[in-house]
Amino acid sequence: MGDFNAHPGELFETELLNFCNEQHWSCADYIKLGRCSGTFTFISDVCGGKRWLDHCIVTEAALGTVCDVEVYDDVYWSDHFPLVMHINLGVMTTNTIVRCQEWVRDPVIWGTRTVEQMDHYYQLCTESLSVINVPFEVSRCGNSICCNEEHRQAIDILYSNIISVIRKAAICSGKPGKGTRRKRGVPGWNRYVRDAHREARQAFINWKFYGQPRYGPLFVNMRQKSKFFEQKLKYCQNNAEQIKLNILSAEHKGKNFIKFWNLAKKLSPKPSVPVSVNSLSDPKDIADLFKNHFKIDPVLQSRVRSDCPGSAKSGVPVHFSTEEIKHVINSMTRGKSPGHDSLSIEHFQCAGPQLLRVLTLLYNLCVQHSYLPSALMRTIVVPIVKNKNGDLSNKDNYRPISLATIAAKVLDGILERRICKYFKCHDAQFGFQPGLSTETAIMALKKTVRYYTDRSTPVHAAFLDLSRAFDLVDYKILWSKMRRLAVPDELVNLFKYWYDHQINQVKWSGSFSEEYTLACGVRQGGLSSPALFSMYVDDLIEGLSSTGIGCSIHGTIVNSISYADDMVLLSPSISALRRLLKMCEEYAESHGLRYNVKKSEVMMFHSNNTKLRYMPALCIYGTPLNRVSRFKYLGHIVSEDLSDDSDIERERRALSVRYNVLAHRFAGSCGLGTRSGHTTLFAYNIIMGLACCLGSLDSVAYQRCLQQRG
């Protein structure tokens, strides 16, 4: 709530409403009182004009608690009338607040280590890893269908020894220097305890200097000062909350409002997790809720027809080299969250060459036996908020992120490099391709449409949305496609074992859900998952291009543009677009996928000379698709006239917010006479000038700001 200076029908009201629409917020007083109701919260003393400047902005979750809004026009506290909201807090579920567990740092976590600690870690890893090996008969076994339990136990022991050595070396090399949390200070220390602590410390030093006598004035003085200090400290610890409130009251009374609000925020910090999710408050119940939400029901795959072509065997055995593993380890980004074993890529990059030797041995044994240790495949799934301004108590506002072990990530990176040698995406697939981005796909879309509209030919487009496409990949079809592309059987069998035996657990506020496995879908966050998904849908893109219908430029068919699971179909005729939609529908049905009819929409790009109004209905699964005049595709707003006004307006509002924040933050730091002062003043003037050009600050205010700055 506050004075937004946004009167209905004026410029800043449009800014406010657009901002609310982007953030999925609502203006509660508009909804309850009516925008055209003639409500006003301010009367000008000069001209007597009535204006509605005060508003209340709420989230979608909080809107249901607002019962009524009214304005008290008989109260004269200031030149604004009070805006009063009636809120029913009874609709909120009363649950016990989920408190975060005490933060305990795992000494295995890498953090920030000194050069001496890393050298010590290197030496420990080199000495311990150099003696690790496996029995000779296991290393010589090359049977990919070997089910010898002794061989599998040897692989488990090898992996366990490698991880154990790295963990012990990380602990023995010393605790990280940074990343640990500072201890919280005692409230009221400076006011009640500091002087007593100084006197007690000085008395202790004097007593120790004179030989620590057991009687006499020095001993008595030391005991009295220490006892007085302990009393003060105990008082502060027992009355911490009251002392905080007293300090807060003193700051408010002294009109130190900046410090007052900083202290107020510390008194009521935001919890790291919401109080409840879907009316559940117990962390274990919430974790199980997300497990059922993220897990795909195998019944959804009952309609899949696994009748793809058979295998294509490779006679060349698969072998991973040390250089290949070294390249993957060095190319991985640091600072990522560790898996359940607390190991990250920094542990592998600093362990020395002996780690490369034992990892090469481990991965080659795994691919030779089509087997992986269960500890390597264990994955922690963490729910991440999609929209921070949305309803945090709704499970649909969360997406899963998987934290795999670092050994699994390295192996996944090697497999991704190998399968990419046998598969190349179609040119119409812009997702997961080096050198390509969403901007490249948007440029291809606009260039293709512009080619037709410049020649007075409209283009019909269908923006299709696959529902949970990555989670609905059918494994039987995927393995068949990999064998058809001549991917070696050793790699296919290793993927099969991995997907059939991976164990997942959802973690929420320190609690874990029940274990579950993958029934379908590529692994979330896996390095090879993008390549596997592209392989899964590439036949659709190839089939659409081979039809020869739809848009084409100089003989090149451009009837589809894809970015991962987002696809747009382009055609100058309705009949051709219907054929393309039919092909997509049949392919999705045969591969266990499903298009979201509610999120799929159609649009007609009209030419410069003519603007056609009528467009025949286009259907998926017998349901007509909604026609729109603009559509947000890959983060860009595409309009039927290919205008960039909407995108520019959105970026302009975002820039205006940042300019005003910077201008407010550095308003008092433009001191002249120093190099930093001149730099800040120069930046301040640039910000104000740009804000004026963008319309977020009027020129009169800009001139006034310049005058205030001298």
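## Brief notes about the layout of surface pockets
Here comes step 1: When its volume is computed, the second largest pocket comes out at roughly 1800 Å³.
Here comes step 2: K386, R468, F470, D471 and D565 are the residues nearest the centre of the second largest pocket, which is lined by 50 residues in total.
Here comes step 3: Every element with two or more residues in the lining of the second largest pocket is listed here: α11 (283-294), β10 (398-403), β11 (459-465), α20 (529-546) and β22 (630-633).
Here comes step 4: Top element by residues in the lining of the second largest pocket is β10. It accounts for four residues.
Here comes step 5: Each residue belonging to the lining of the second largest pocket can be placed in one class, and the counts come to 23 nonpolar, 13 polar and 14 charged.

## Re empty space enclosed by the protein
Here comes step 1: Inspection of the entire model under this criterion finds one cavity of 30 Å³ or more.
Here comes step 2: In this structure, the largest cavity occupies an estimated 110 Å³ of space.
Here comes step 3: Lining the largest cavity are 14 residues, and of these L466, V537, L540, M567 and Y595 lie nearest its centre.
Here comes step 4: Looking at the lining of the largest cavity, the elements with two or more residues in it are α20, β17 (566-571) and α21 (574-590).

## Some points on the sheet that holds strand β12 (residues 504-508)
Here comes step 1: One open sheet holds the four strands; their spatial order is β10-β9-β12-β13, and the pairing between them is mixed. The open sheet has two edge strands, β10 and β13 (511-512), and neither has a second partner.
Here comes step 2: Bridge analysis of β12 against β13 gives two bridges, and the strand direction is antiparallel. Across the sheet, the residue bridging to W508 is S511, located in β13.

## A short note on helix α8 (residues 217-238)
Here comes step 1: Between its terminal C-alpha atoms α8 stretches 31 Å, which fits the 32 Å expected from 22 residues at 1.5 Å a residue.
Here comes step 2: F219, M222, F229, L233 and C236 are the residues of α8 that are buried. One face of α8 carries all of its buried residues, which in axial projection span an arc of 125°. Residues of α8 that are exposed and angled more than 90 degrees away from the buried face: P217, Q224, K227, K234 and N238.
Here comes step 3: The elements touched by buried residues of α8 are α7 (189-209) and α9 (240-253).

## Focus: the side chain of Q505
Here comes step 1: Note that Q505 resides in strand β12.
Here comes step 2: Sequence-distant contacts of Q505, that is, excluding residues within four places in its chain, are made with R378, T379, I380, V381, F512, S513, E514, E515 and Y516.

## Some details on a nonpolar patch on the surface
Here comes step 1: There is a patch of nonpolar side chains on the surface, built from F209, Y210 and L218 and spanning about 370 Å² of accessible area.
Here comes step 2: Among the structural elements, Y210 can be located in the loop between α7 and α8.
Here comes step 3: Judged by its relative accessible area of 56%, Y210 is exposed.

## A look at helix α4 (residues 115-129)
Here comes step 1: If you check α4, its first and last C-alpha atoms are 21 Å apart, about what 15 residues at 1.5 Å a residue would give, namely 21 Å.
Here comes step 2: Of the positions making up α4, those classed as buried are Q117, Y121, C125 and L129. Projected onto a plane normal to the axis of α4, the buried residues spread over an arc of 80° and lie on a single side. Opposite the packed face of α4, turned more than 90 degrees from it, sit the exposed residues V115, E116 and E127.
Here comes step 3: As for α4, its buried residues are in contact with α6 (149-172), α13 (345-349) and α14 (353-369).

## Focus on the pattern of salt bridges
Two side chains carrying opposite charge are able to pair once their charged atoms lie near each other.
Here comes step 1: For the structure shown, the criterion picks out 22 salt bridges.
Here comes step 2: The closest approach of N and O atoms between K284 and D288, which form a salt bridge, is 2.9 Å. Note that K284 and D288 are positioned in helix α11 at a spacing of four residues, about one turn of the helix.
Here comes step 3: Each of E15, E649, R652 and R653 takes part in one network of salt bridges that share partners.

## With respect to the packing of helix α18 (residues 475-484) against helix α19 (residues 489-501)
Here comes step 1: Between α18 and α19, whose axes approach to 10 Å, the crossing angle comes to 165°. As far as their axial angle goes, α19 and α18 are roughly antiparallel. α19 is crossed by α18, and the crossing has right-handed handedness. Of the residues in α19, those touching α18 at Y475, W479, M482 and R483 are D489, V492, N493, F495, K496 and Y499.
Here comes step 2: Among the residues making up the contact of α18 with α19, the classes are represented as six nonpolar, one polar and three charged.

## Focus on the packing of aromatic side chains
Here comes step 1: Scanning the model with the defined rule gives 23 aromatic pairs in all.
Here comes step 2: For the pair F463 and Y633, a centre-to-centre distance of 5.4 Å together with 55° between the ring planes defines the contact as tilted. Placement of the pair is F463 in strand β11 and Y633 in strand β22, with a sequence separation of 170 residues. For the pair shown, F463 and Y633 are each scored as buried.
Here comes step 3: Taking 6.5 Å as the distance between ring centres and 25° as the angle between the ring planes, the aromatic pair formed by W479 and F495 counts as stacked. Here F495 lies in helix α19 and W479 lies in helix α18, a separation of 16 residues in the sequence. No difference in accessibility class separates W479 from F495, as the two residues are buried.
Here comes step 4: Grouped by ring-pair contacts, the aromatic residues F290, F294, Y398 and W508 constitute a single cluster.
Here comes step 5: Between R523 and the ring centre of W498, over which it is positioned, the NZ or CZ distance is 4.1 Å.

Scoring rules and cut-offs
- Every chain is numbered on its own, with residues counted from 1 as its sequence reads.
- In keeping with the predicted nature of the model, local features appear solely for residues at pLDDT of at least 70, side-chain atom pairs appear and are counted solely at 80 or more, and the whole-chain, interface and lining totals rest on all residues.
- Hydrogens and water molecules were not included; the side-chain quantities draw on all heavy atoms of the structure.
- Put simply, the grid is 1 Å and covers the protein atoms alone, a cavity is a trapped set of points that fit a 1.4 Å probe, a pocket is an open set with protein on both sides within 12 Å along at least five of seven lines, and lining residues have an atom within 4 Å of a point.
- Grid points are joined across faces, edges and corners, and a volume is the space filled by probe spheres set on the points.
- Each helix corresponds to a stretch of at least 4 residues labelled H or I by DSSP, and each strand to a stretch of at least 2 residues labelled E; elements are numbered beginning at the N terminus.
- Three residue categories are used. Nonpolar comprises Ala, Val, Leu, Ile, Met, Phe, Trp, Tyr, Cys and Pro, charged comprises Asp, Glu, Lys and Arg, and polar comprises the others, including Gly.
- By this definition, two strands are paired if DSSP reports at least two bridges between them.
- The span expected for a helix works out to 1.5 Å for each residue beyond the first.
- For every residue, the accessible area (1.4 Å probe, protein chains only) is compared with the maximum for its type, and the residue is labelled buried under 20%, exposed over 50%, or partly exposed between those bounds.
- Each direction from the helix axis to a C-beta atom contributes to the arc, which is the arc of those directions.
- Pairs of residues are marked as contacts when any of their non-hydrogen atoms sit within 4.5 Å.
- Surface patches are drawn from residues lacking salt bridges whose relative accessible area is over 30%; two like charges belong together within 9 Å, two nonpolar side chains (Val, Leu, Ile, Met, Phe, Trp, Tyr) within 5 Å.
- Residue burial considers only the protein chains on display, and all accessible areas are found by Shrake-Rupley using a 1.4 Å probe.
- Between Lys or Arg on one side and Asp or Glu on the other, a salt bridge is scored when a side-chain nitrogen of the former is within 4 Å of a carboxyl oxygen of the latter.
- Between the N-to-C directions of two axes lies an angle of 0 to 180 degrees, each axis being a line fitted to C-alpha atoms and, for a helix, fitted only over the stretch in contact.
- Relative orientations are named as follows: roughly parallel for angles under 35 degrees, roughly antiparallel for angles over 145 degrees, roughly perpendicular for angles from 65 to 115 degrees, and oblique for any other angle.
- By definition, any crossing whose near helix is turned counterclockwise from its far helix by less than a right angle is left-handed, and any crossing with a clockwise turn is right-handed.
- Any two of the Phe, Tyr and Trp rings considered here, Trp counted by its six-membered ring, make a pair once their centres fall within 6.5 Å; the pair's planes then place it as stacked at under 30 degrees, edge-to-face at over 60, or tilted in between.
- Charge-over-ring contacts are defined here by two conditions on Lys NZ or Arg CZ: a distance within 6 Å of the ring centre and an angle within 35 degrees of the ring normal.

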